[in-house]
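# A look at the structure
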Amino acid sequence: MARRSFEERIAARQAAQGPLKEGRVFEHGPAKFLFVTLLVFVFVIHVGGLIVMMAMGMH
């Protein structure tokens with residue numbers, strides 16, 4: 001028996017998973033963690049920069 005192609009194996013795996021649940025965006029846990037971490041990092045940098053600029057009187 002010949003081994004299935006890479007594309008066929010991916011299609012079979014996706015078919016076995018079923019449809020994505022309503023409201024669920026990230027199927028991959030680490031991707032969600034990275035996304036949230038980057039959002040928090042950007043927010044903290046912006047707030048920190050604002051505080052520094054206000055302390056220097058450059059608002």
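First things first, this report covers the structure right here in the doc. (Residues numbered from 1 in each chain as written. Predicted model: local features only at pLDDT ≥ 70, side-chain atom pairs only at ≥ 80, totals over all residues. Heavy atoms only, no water.)

### A few points about the overall build of the chain
Spelled out, the test is: Only runs of H or I of at least four residues qualify as helices and only runs of E of at least two qualify as strands under DSSP, and these elements are numbered from the N terminus. Residue exposure ignores everything except the shown protein chains as possible cover, and the areas themselves are Shrake-Rupley values with a 1.4 Å probe.
Of the regular secondary structure elements, the chain holds two helices and zero strands. As displayed, the chain has an accessible area near 5,800 Å², and 70% of this comes from carbon and sulfur atoms.

### Section: helix α1 (residues 6-17)
Note the following rule: What a helix should span is 1.5 Å times the count of its residues minus one. Only protein chains enter the accessibility calculation, which uses a 1.4 Å probe; a residue is then buried when its area is under 20% of its type maximum, exposed when over 50%, and partly exposed in between.
Over its 12 residues, α1 runs 17 Å from end to end, which matches the ideal 16 Å to within 8%, given 1.5 Å per residue. The buried count for α1 comes to zero of 12 residues, which makes it a mostly uncovered element.

### Brief notes about the environment of E8
What counts, and what does not: Contacts described as polar in this section are N or O atom pairs within 3.5 Å, which, within protein, must combine one atom able to donate a hydrogen with one able to accept it, while residues neighboring in sequence count only if both atoms come from side chains.
Along the polypeptide, E8 turns up in helix α1. Polar contacts involving the side chain of E8 include one to the main-chain amide nitrogen of S5, which spans 3.1 Å.

### A look at a nonpolar patch on the surface
Condition: The patches reported here contain residues having more than 30% relative accessible area and no salt bridge. Joining distances are 9 Å for like charges and 5 Å for nonpolar side chains (Val, Leu, Ile, Met, Phe, Trp, Tyr). Any Lys or Arg side-chain nitrogen located within 4 Å of an Asp or Glu carboxyl oxygen qualifies as a salt bridge.
A cluster of nonpolar side chains, contributed by F35, V36, L39, V40, F43, V44, V47 and I51, occupies part of the molecular surface with about 740 Å² of accessible area. For L39, a relative accessible area of 48% gives the class partly exposed.

### What to know about helix α2 (residues 29-55)
Helix length check: α2 (27 residues) gives 39 Å between terminal C-alpha atoms against 39 Å at 1.5 Å per residue, within 8%. Residue G57 follows α2 closely and has a positive phi angle near 80°.

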